[in-house]
Protein chains: 2
Amino acid sequence: MERFRDQIAAELDRVVEFWLKHSHDKEYGGFFTCLGREGQVYDELKYVWLQGRQVWMYCRLYRTVERFRRPEILEAAVAGGEFLRSHAWAPPLGGSQKCAFCLTRDGRAVKVQRTIFSECFYVLAMDELARVTGEQRHQVEAERVMDLIVHWARVDPSGLGRPEMPGDIPVNSMAIPMMLLCLVEQLTEGRASLAEKYSELGRWCVQRTLQHIQRDGAAILEHVSEEGEELPGCQGRHQNPGHALEAGWFLLQHAVRQGDEELKKTAVEKFMLLPFQTGWDQQHGGLLYFQDVDGCCPTQLEWSMKLWWPHCEALIAFLMAYCQTRDPALLDRFSQVYDYTFSHFPDAEQGEWFGYLTQQGSLALDLKGGPFKGCFHVPRCLYMCEQLLDGLLGKSQAPSPSRVTQACRGIR
Amino acid sequence: MERFRDQIAAELDRVVEFWLKHSHDKEYGGFFTCLGREGQVYDELKYVWLQGRQVWMYCRLYRTVERFRRPEILEAAVAGGEFLRSHAWAPPLGGSQKCAFCLTRDGRAVKVQRTIFSECFYVLAMDELARVTGEQRHQVEAERVMDLIVHWARVDPSGLGRPEMPGDIPVNSMAIPMMLLCLVEQLTEGRASLAEKYSELGRWCVQRTLQHIQRDGAAILEHVSEEGEELPGCQGRHQNPGHALEAGWFLLQHAVRQGDEELKKTAVEKFMLLPFQTGWDQQHGGLLYFQDVDGCCPTQLEWSMKLWWPHCEALIAFLMAYCQTRDPALLDRFSQVYDYTFSHFPDAEQGEWFGYLTQQGSLALDLKGGPFKGCFHVPRCLYMCEQLLDGLLGKSQAPSPSRVTQACRGIR
């Protein structure tokens, strides 16, 4: 356990250094995330998901880990937050307000997605920024956009701009309730009034996530009907083991806070052990990216590749599950994922992790960041695992939010 | 040459049999294209690109190849054409008319893409259907939709429904002019008045395609500015060798018809030899799917995979180039691609070709058809190569259109 803790903490330091060194745009604010093997910027586009995620990550590290309470981390996070507030919102289309998916270096909207995720990562950024800076306006903005997202997800999706088509039946995609559950956990931490405000939403998220347990409890399916029934075709049979594992630790975290023993058990058994059992590649090791529950060949070209982030989610999930249950079998799973992950993804020479391997485990893409890989899954995983291991080892806890807020006020 | 011809003709027979046996939806019309290794339907969705392409392919084979003038081929094509006419058009959005991208089995629109390609393959289908059935209404429909596409591409793209964003500068993507050039060749064959109508459009397509020759003639880039300048970032450096080769034979075919020797030379040297030189994998053989002209790692996860269709395009390109030039180096290229292709893609057991291999050439996806693979690239390649080889060998020509039309009238 000590060995895990020390290796993980050292790796977190190396990973954070990579982003500090290569990703800051000192001219316009915000972050470059298209970074090559050595950290060189190969594209200046700024993806809003990744801008929001990096602001969140920097703020969280600054707020809760003593050794990351460094001015340059806070300054970059604040500049990233201002960049988002000034540029993330695309020109309104037909009266509806949407965040862009990506921006030019100087912040002009390039593309808008008809989903909720740019806004979700924007909320994550604003909320954590409010906590670290103590600035109320960021929290007001986080709540405003959260309410907009909830409106799209639960009341009326027309503001997303997706045309309604007669053959396009409404779907419960797991990404939506699990993302909203993640935001509920973020927004309500230490805030009783918000915990009250979002408690019904939390229950809705849990119920909508649990609907993805299908086939008499034998499979997690990524897309089900609004009524929780299996859908026809590839969409209905689609499985994403990394996503299920991530939903697993979101659910477990929520269950711990709620003291819900039944939900704890479901989170571990159905959303962790089950997807691991089917998703782990027995021949080559590592988690497959996509699967078809009936064993058909997925149509996604990358289905058999090994991506970094499902492994990050699996590490968090199994370590959190072990903390909660002290079941040694869960620590074994953690250790198994750890061995594959640390022997395949980190780049000892240039820092950060590679993201994309072939099924056999060799390097398929040598970039460190791209349109979907930024300063998020790797440091979040290392940070959470370090915190969990500190808890297991009885080490010193994170500084209190108030201390962090004070320190931050001193700097600004 | 005889050996090539016989193997290709035999393979064309096997491939056509696969689609005849497995893809026809006798209940609703149209074609299943999501077919597994043995031809089993693993999803009933109908992708409009592939519906249009299969109608075109069946009609072209019926019209021009004696042994395919079979009632079941014509009947399936006619049923596919009626399915398209009845169902391809999605409910209008904000007054603008668009074909869907995919449909339910019974023809309800599921999704609409904000591009021109569904409509392009619809035109291809309607025009060839008009030729084979002699029905004027199909030709009228082909021209009506062609004019709509040209309006989107050259006058006003707003009907596509893509929001204009301040950071989204207009781009000349090679797919647009090369697709339109393909349609011009299709629509004008044997029709003097249409050749007149579309002659200026043909010149525009050629000019817009030639703008993709960049870096002082040393590279074909997939996306350039409206003014033909290189674009920044990944988009600007993106290369798609298979697409360049396909554009090459479209250009060469056009140049032959126009008697344009300069364009012939450019088509062969810049759009065939150049992308082959950089796109052929020296270590493992086969054509890479995507490249970055500066050698950065592409961000597309599938960049290093070997797909069936670039190999199909390369076979047509080099054989057509050889027919035109009788340069033995071009026959060598054809032979080189032929050896890789025939030793990797065809499935001797179940028929049709696999579509998706790893960089090393092993099977990555075992499906025979999917959202982007249908009855098109493989049979078109084999059909065109057979025709070209027949020409080289001085064999009998295709039956005349009038004979085909007569035969078809007899059936209907």
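Remember, predicted model here, so these are calculated numbers, not experimental data.

Reading guide: rules and limits
Residues numbered from 1 in each chain as written. Chains lettered and ligands numbered in written order. Predicted model: local features only at pLDDT ≥ 70, side-chain atom pairs only at ≥ 80, totals over all residues. Heavy atoms only, no water. Helix = DSSP H or I, 4+ residues; strand = E, 2+ residues; numbered from the N terminus. Rg over C-alpha atoms; globule rule 2.2 N^0.38 Å. Buried < 20%, exposed > 50% of the residue type's maximum accessible area, 1.4 Å probe, protein only. Contact = heavy atoms within 4.5 Å. Least-squares fit on C-alpha atoms with pLDDT ≥ 70 in both. Buried area = accessible area lost by both parts, 1.4 Å probe. Salt bridge = Lys/Arg side-chain N within 4 Å of Asp/Glu carboxyl O. Polar contact = N/O pair within 3.5 Å; in protein donor to acceptor, adjacent residues only side chain to side chain. 1 Å grid on protein atoms, 1.4 Å probe; cavity = no way out; pocket = protein on both sides within 12 Å on 5 of 7 lines; lining within 4 Å. Points joined across faces, edges and corners; volume = space filled by probe spheres on them. Phe/Tyr/Trp six-rings, centres within 6.5 Å; stacked < 30°, edge-to-face > 60°. Lys NZ or Arg CZ within 6 Å of the ring centre and 35° of its normal. Pairing = 2+ DSSP bridges. pLDDT = per-residue confidence, 0-100.

**Thoughts on the overall build of chain A**
Each helix and strand counted, chain A has 15 helices and 14 strands in total. Computed over the C-alpha atoms, the radius of gyration of chain A is 20 Å, within 12% of the 22 Å expected from 2.2 N^0.38 for a compact globule of 412 residues. Projecting the C-alpha coordinates of chain A onto the three principal axes gives extents of approximately 55 × 55 × 45 Å. Scored against the burial criterion, the 412 residues of chain A give a buried share of 62%. Counting contacts in chain A only where the partners sit at least 6 residues apart, residues at least 24 apart contribute 67% of the total.

**Some points on the relation of the copies chain A and chain B**
The transformation that overlays chain A on chain B combines an axial shift of 0.0 Å with a rotation of 180°, and the residual RMSD is 0.0 Å. Accordingly, the operation relating the two chain copies is best matched by a two-fold axis. Of every C-alpha in chain A, the one belonging to E302 of chain A sits nearest the axis of rotation, 3.3 Å from it. Take the interface residues of chain A: 100% of them recur as interface residues in chain B, which is what a same-surface contact looks like.

**Quick look at the interface of chain A and chain B**
You'll often see interface size given as the accessible area lost when the parts meet. Taken together, the contact pairs 37 residues of chain A with 37 residues of chain B. Note on chain A versus chain B: buried area summed over both sides is about 2,900 Å², and carbon and sulfur give 68% of it. Interface area lost by chain A to chain B is led by Y42, M165 and L301 of chain A, which between them contribute 22%. Here chain A and chain B share zero salt bridges between them. At the surface where chain A touches chain B, the tally comes to eight residue pairs in polar contact (both at pLDDT 80 or more).

**Description of the pattern of salt bridges**
Any two side chains of opposite charge can pair if their charged atoms end up close together. Residue and element names in this part refer to chain B. According to the stated counting rule, one finds 82 salt bridges over all chains in the structure shown. Salt-bridge contacts for E72 lead to R70; the nearest nitrogen and oxygen are separated by 2.6 Å. The partly exposed category is assigned to E72, whose relative accessible area is 37%. Using a relative accessible area of 23% as the deciding quantity, one classes R70 as partly exposed.

**A short note on empty space enclosed by the protein**
Residues and elements named next belong to chain A. Evaluation of the coordinates by the stated rule reveals one cavity of 30 Å³ or more. Taken as a whole, the largest cavity spans an internal volume of roughly 80 Å³. Lining the largest cavity we find A218, A219, I220, E222, Q239, N240, P241, A244, L274, P275, T278 and Q291. Elements represented by at least two residues in the lining of the largest cavity include exactly β8 (219–220), α10 (241–258) and α11 (261–279).

**Re unusual backbone geometry**
Its identity is not glycine, yet R326 of chain A carries a phi of approximately 55°, on the positive side. Counting through the fold element by element, R326 of chain A comes out in the loop between α12 (308–325) and α13 (328–344). You will see that R215 of chain B, though not glycine, has its phi angle at about 55°, which is positive. If you trace the backbone, R215 of chain B turns up in the loop between β7 (213–214) and β8 (219–220). Looking at R215 of chain B, the relative accessible area reads 31%, which means it is partly exposed.

**Brief notes about the side chain of D281 of chain A**
All names here are of chain A. Relative to the assigned elements, D281 resides in the loop between α11 and β11 (291–292). Within polar-contact distance, the side chain of D281 engages the backbone nitrogen of Q283 at 3.0 Å. What D281 contacts, discounting residues up to four positions off in sequence, is G286, L288, K306 and Q359.

**Comments concerning the packing of aromatic side chains**
On inspection of all chains with the given rule, the structure shows 50 aromatic pairs over all chains. Measuring from ring centre to ring centre gives 6.2 Å for Y340 of chain A and F345 of chain A, while their planes differ by 70°; the resulting arrangement is edge-to-face. Grouping aromatic residues by their ring pairs yields a cluster made of F4, F276, W280, F318, F334, Y338, Y340, F342, F345 and W353 of chain A. Directly above the ring of F4 of chain B sits R3 of chain B, whose terminal nitrogen or CZ lies 5.0 Å from the centroid.

**Things to note about the sheet that holds strand β4 (residues 102–103) of chain A**
All names here are of chain A. An order of β3-β4-β5 is seen for the three strands of this open sheet, with the pairing classed as antiparallel. Pairing within the sheet leaves two strands with one partner each, and these edge strands are β3 (46–47) and β5 (109–111). Here β3 runs beside β4; their pairing, made up of two bridges, is antiparallel. Bridge pairing in β4 places Y47 opposite C102.

**Considerations on the confidence of the model for chain A**
All names here are of chain A. Model confidence for chain A is summarised by a mean pLDDT of 95, while 96% of its residues fall at 70 or above. Below pLDDT 50 for its whole length, residues 398–412 participates in 31 contacts with residues either more than four positions away or in separate chains. Two summary scores accompany this predicted model of the complex, namely pTM at 0.95 and ipTM at 0.94.

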